[in-house]
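# Fold and contact review
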Amino acid sequence: MNFHVLTLFPDMIRDGLMASITGRAIKAGIISLEVVNIRDYTENKHKKVDDYPYGGGAGMLMQAQPVYDAWEAVNRRIGTEKKTRVVFLSPQGNTFNQHMAKEFAKEEDLIFLCGHYEGIDERVLEEIVTDQVSIGDYVLTGGELPAMVMIDAVSRMVPGVLSNQESGVSESFSEHLLEYPQYSRPEVWKEKKVPAILLSGDHKKVEEWRLEQSLERTKRLRPDLYEKWAAENQEYFVRKAKKEERLRRKLEKRLNCCTTHQGV
Ligand code: ADE
């Protein structure tokens, strides 16, 4: 997976992504990062990339020419027949989510266009942008942080980026669910004990407990996500009901057996 970022602040992107897990994945060649300074493509002799908006109004706009030429140069380097998706980070876009991260992770190349100042000349956006994406209903000073957020989330979905693959590509059961609580050493801290089940060594029971915890948390904190999960995992409730019924019968049998014995 190759990320290409068009920006006026290349250091911001490099500094943000060359650290931690994304940095390790880039160094290992699992993903690649090309950061393109839009300013390098301006035809203006003073290296200017912005100008006043026609019709007046506050602030400056990024001009079409340097953005378009930077994009063309990246496209030439990618060199595929297929049109590479261009993601423009904007609060007007569709809100980014995990499903989108998975979809974007299927692309071989992705171009991110980061706006700054009051925005970018509409004509170049019409010409090159395929996807407008927001990271939430608030306005940031530029598209660099949103681009980094997206690249981080998309990278996690690329095989090999996370050392433990299961924690990236969620199992069907954990999709839409919040994380279960986790504990590390010591077993007792400030008189708080680690739940006994986690020390039992019974992996099946631990998995069941974790799923139950995730479900309880999601239901309480994000009922919208819980509804989604419940609708997509009806079989879980059927299985759970069957298990409870089996347990109830077993108990009933035991109880009957004991009362019969007592009666004799
Ligand atoms: N640029 C400025 N604010 C943004 C946001 N919330 N999401 C994506 N891009 C942005």
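Reading the values: rules and limits
Residues numbered from 1 in each chain as written. Predicted model: local features only at pLDDT ≥ 70, side-chain atom pairs only at ≥ 80, totals over all residues. Heavy atoms only, no water. Phe/Tyr/Trp six-rings, centres within 6.5 Å; stacked < 30°, edge-to-face > 60°. Helix = DSSP H or I, 4+ residues; strand = E, 2+ residues; numbered from the N terminus. Buried < 20%, exposed > 50% of the residue type's maximum accessible area, 1.4 Å probe, protein only. Near = heavy atom within 4 Å. Polar contact = N/O pair within 3.5 Å; in protein donor to acceptor, adjacent residues only side chain to side chain. Areas by Shrake-Rupley, 256 points an atom, 1.4 Å probe, with all protein chains shown as cover. Nonpolar A, V, L, I, M, F, W, Y, C, P; charged D, E, K, R; others polar. Lys, Arg positive; Asp, Glu negative; His and termini not counted. Salt bridge = Lys/Arg side-chain N within 4 Å of Asp/Glu carboxyl O. Contact = heavy atoms within 4.5 Å. Pairing = 2+ DSSP bridges. Axes fitted to C-alpha atoms, helices over the stretch in contact; angles between N-to-C directions. Arc of directions from axis to C-beta. Parallel < 35°, antiparallel > 145°, perpendicular 65-115°, else oblique. Left-handed = near helix turned anticlockwise from the far one by under 90°.

### Some thoughts on the packing of aromatic side chains
Under the definition given, this model contains five aromatic pairs. Geometrically, the ring pair formed by Phe3 and Phe112 is tilted, given 6.2 Å between the ring centres and 40° between the ring planes. With Phe3 in strand β1 (residues 2-7) and Phe112 in strand β6 (residues 109-113), this residue pair connects regions lying 109 residues apart in the sequence. Residues Phe3 and Phe112 agree in their burial class; the two are buried. Between Trp229 and Tyr236 the ring centres are 5.3 Å apart and the planes differ by 70°, which places this aromatic pair in the edge-to-face class. For Trp229, a relative accessible area of 0% gives the class buried. Accessibility expressed as a relative area gives 10% for Tyr236, which makes it buried.

### Considerations on the site of the ligand
With respect to spatial proximity, the complete set of residues near the ligand consists of Leu89, Ser90, Pro91, Val133, Ser134, Ile135, Gly136, Tyr138, Val139, Leu140, Gly142 and Pro146. The separation between a nitrogen atom of the ligand and a polar main-chain atom of Ser90 is 3.1 Å. Here Ile135 contributes a backbone N or O atom positioned 3.0 Å from a nitrogen atom of the ligand. In isolation the ligand offers 260 Å² of accessible surface; the protein chains occlude 96% of this area. Looking at the shell around the ligand, the elements that each hand over two or more residues are β5 (85-95) and β7 (131-134). Counting residues per element, the shell around the ligand draws most heavily on β5, which supplies three residues. Among the residues making up the shell around the ligand, the classes are represented as eight nonpolar, four polar and no charged.

### Some thoughts on the side chain of Asp50
Topologically, Asp50 is positioned in strand β3 (residues 50-51). We note that Asp50 is buried and unpaired, the nearest opposite charge coming from Lys48 at a distance of 4.4 Å. When neighbours within four sequence positions are excluded, Asp50 is seen to be in contact with Met60, Leu61, Met62, Gln63 and Tyr117.

### Brief notes about the sheet that holds β1
Pairing within the open sheet is parallel, and its five strands lie in the order β2-β1-β6-β5-β7. Two strands bound the open sheet, and with one partner strand each, they are β2 (32-37) and β7. Across the sheet, the mean angle from the axis of one strand to that of its neighbour is 30°, orientation sign disregarded. Of the strand pairs in this sheet, β1 and β2 are connected by six bridges, and their pairing is parallel. Counterpart to Asn2 in the pairing with β2 is Ser32. Set on the sheet, helix α3 (residues 64-78) makes contact with β1, β2, β5 and β6; between it and β6 the angle comes to about 170°.

### Considering helix α8 (residues 223-232)
Among the residues of α8, those classed as buried are Leu225, Tyr226, Trp229 and Ala230. Taken end-on, α8 shows its buried residues confined to a sector of 135°, consistent with a single buried face. Summarising the geometry of α8, the exposed residues directed more than 90 degrees from the buried face are Glu227, Ala231 and Glu232.

### What about unusual backbone geometry?
Looking along the chain, the bond that leaves Arg185 and enters Pro186 is cis, with omega of 5°. Along the chain, Pro186 falls in the loop between α6 (144-156) and β8 (188-189). Non-glycine residue Ser20 carries a positive phi angle of around 55°. On the secondary structure map, Ser20 appears in helix α2 (residues 20-27).

### Regarding the packing of helix α1 (residues 10-17) against α6
Direction vectors running N to C along α1 and α6 enclose 30°, while the axes themselves pass 10 Å from each other. As the angle between them shows, α1 and α6 are arranged roughly parallel. α1 and α6 meet at a crossing whose hand is right-handed. Contacts from Met12, Ile13, Gly16 and Leu17 in α1 reach Glu144, Leu145, Met148 and Ile151 in α6. A breakdown of the residues in the contact of α1 with α6 according to their chemical character gives six nonpolar, one polar and one charged.

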